[in-house]
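Residue-level structure breakdown
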Amino acid sequence: MTRTLSRRRFVQLTAAASALFAAGGKAQLWYAPSLTYPAVKVANVAQVRTGQPITFNYPDASAGVGKDRDIVAFSALCTHMGCPVQYEKGRFICRCHYSMFDPAKAGQTYQGLASSWLPQIPLRVDGKGDIYAVAVQGLIWGRVKNV
Ligand code: FES
């Protein structure tokens, strides 16, 4: 299933670090329910603030959701060699070798040495606004399998 996101809010949840965003512009989400991942609450919608990161671990401990389906999450480990990425000016930047990823385009890499997109963390929101990470789309850097 593919969904289109509108650009509005952004929040970073940093896998061990993953990142959760309310991103602006258009983006696509893919949901791959064939893998069994635990659903782990990572935040409440009320906690999500524009440009303010929220850090969580997934899938060790714990894709767009919310009213406008614009809250998204990604692994925060660069797909080149695993350095942490940082959100800055609407993109993820890896300072090790300057790969860049677009959270509004499902984590697509568009510059630098990384050849794979940032793995996206599909999300689910319950009736109370609690946000759950429910899967990983792609392989988190350094792993042979995510769970
Ligand atoms: Fe990120 Fe090399 S580790 S670009």
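Up top is the structure.
All of the points below concern the structure found in this document. This one's a predicted model, so the numbers in the text were calculated from it and none came from an experiment. (Residues numbered from 1 in each chain as written. Predicted model: local features only at pLDDT ≥ 70, side-chain atom pairs only at ≥ 80, totals over all residues. Heavy atoms only, no water.)

1. Some words on the sheet that holds strand E11 (residues 130-133)
Within the open sheet, the 3 strands sit side by side as E4-E11-E10. Their pairing is antiparallel. In this open sheet, the two edge strands, each paired with only one partner strand, are strand E4 (40-44) and strand E10 (123-125). Strand after strand, the sheet turns through a mean of 35° between neighbouring axes, direction not considered. Summarising the sheet, E4 and E11 pair through 4 bridges and their orientation is antiparallel. Its bridge partner lying in E11, Val40 is registered against Ala133. (Pairing = 2+ DSSP bridges. Helix = DSSP H or I, 4+ residues; strand = E, 2+ residues; numbered from the N terminus. Axes fitted to C-alpha atoms, helices over the stretch in contact; angles between N-to-C directions.)

2. A few points about the nonpolar core
Phe56, Tyr58, Ile121, Leu123, Ile131, Ala133 and Val136 are the most contacted members of the largest nonpolar core, which has 18 residues in total. If you list the elements that add at least two residues to this core, you get E4, strand E5 (71-75) and E11. (Core = buried A, V, L, I, M, F, W, Y, C linked by side-chain atoms within 4.5 Å. Buried < 20%, exposed > 50% of the residue type's maximum accessible area, 1.4 Å probe, protein only.)

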